[in-house]
Amino acid sequence: MSSLSRLFLCSIILIAVSFSCKKRSQSSYPLPVSIQYRIIASNGVSQATSIIYTNETGGLTNLTNQNLPFSKSLSTTVTRGDAFTLRGDASGAGSLKLEILVNNNVVKTATYTGSSVITGQITYQFQ
């Protein structure tokens with residue numbers, strides 16, 4: 001087999017493998033997942049005045065006057081580009097740690113502080 005034939009054959013195999021890998025990663029959606037939202041407060045902050053999160057249908061759920069720590073779990077099916085948001089508001093001096101977990105793995109986290117009002121929001125988007 002000539003070196004030109006080998007090069008051509010290797011190129012064909014490489015192209016076929018790269019297309020099959022792309023198809024495999026794209027076919028992973030829609031994907032069933034479990035989502036968990038968590039808000040943990042520092043000492044001195046015991047209640048969230050408002051909590052907003054993306055629910056199972058992709059809409060927003062708004063809760064008021066929730067005791068902290070807060071946790072909400074849900075199961076849903078996602079597609080590429082779907083985004084899940086968690087927002088927390090509290091009165092007082094201290095901090096709020098917001099977390100979004102997907103299948104029990106933390107995918108987004110942030111801590112927000114304030115001296116009289118604490119507001120924070122995080123969003124995770126499936127890629």
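See the structure printed just above.
So, a few notes on the structure that sits alongside this text. (Residues numbered from 1 in each chain as written. Predicted model: local features only at pLDDT ≥ 70, side-chain atom pairs only at ≥ 80, totals over all residues. Heavy atoms only, no water.)

### Topic: the sheet that holds strand E5 (residues 83-91)
Link 1 in the chain: Overall, antiparallel pairing links the four strands, which are arranged E3-E2-E5-E8 in an open sheet. Each end of this open sheet is capped by a strand with a single partner; those strands are strand E3 (60-67) and strand E8 (117-125). Here the strands of the sheet are splayed against their neighbours by 10° on average, with no regard to which way each runs.
Link 2 in the chain: Relative to E5, strand E2 (residues 47-54) runs antiparallel, the two sharing five bridges. What sits directly across from Ile 51, in E5, is Gly 88. (Pairing = 2+ DSSP bridges. Helix = DSSP H or I, 4+ residues; strand = E, 2+ residues; numbered from the N terminus. Axes fitted to C-alpha atoms, helices over the stretch in contact; angles between N-to-C directions.)

### Things to note about the pairing of E3
Link 1 in the chain: Note: E2 against E3, seven bridges, orientation antiparallel. By the bridge assignment for E3, Thr 54 is matched with Leu 60.
Link 2 in the chain: Between the end of E2 and the start of E3, which pair antiparallel, lie five residues, with Gly 58 showing a positive phi angle near 90°.

### Some remarks on the environment of Leu 60
Link 1 in the chain: Structurally, Leu 60 can be placed in strand E3.
Link 2 in the chain: Spatially, the C-alpha atom of Leu 60 lies 9.4 Å from that of Phe 84, the residues being 24 residues apart in sequence.
Link 3 in the chain: With sequence-adjacent residues up to four places away left out, Leu 60 is seen in contact with Ile 52, Tyr 53, Thr 54 and Asn 55. (Contact = heavy atoms within 4.5 Å.)

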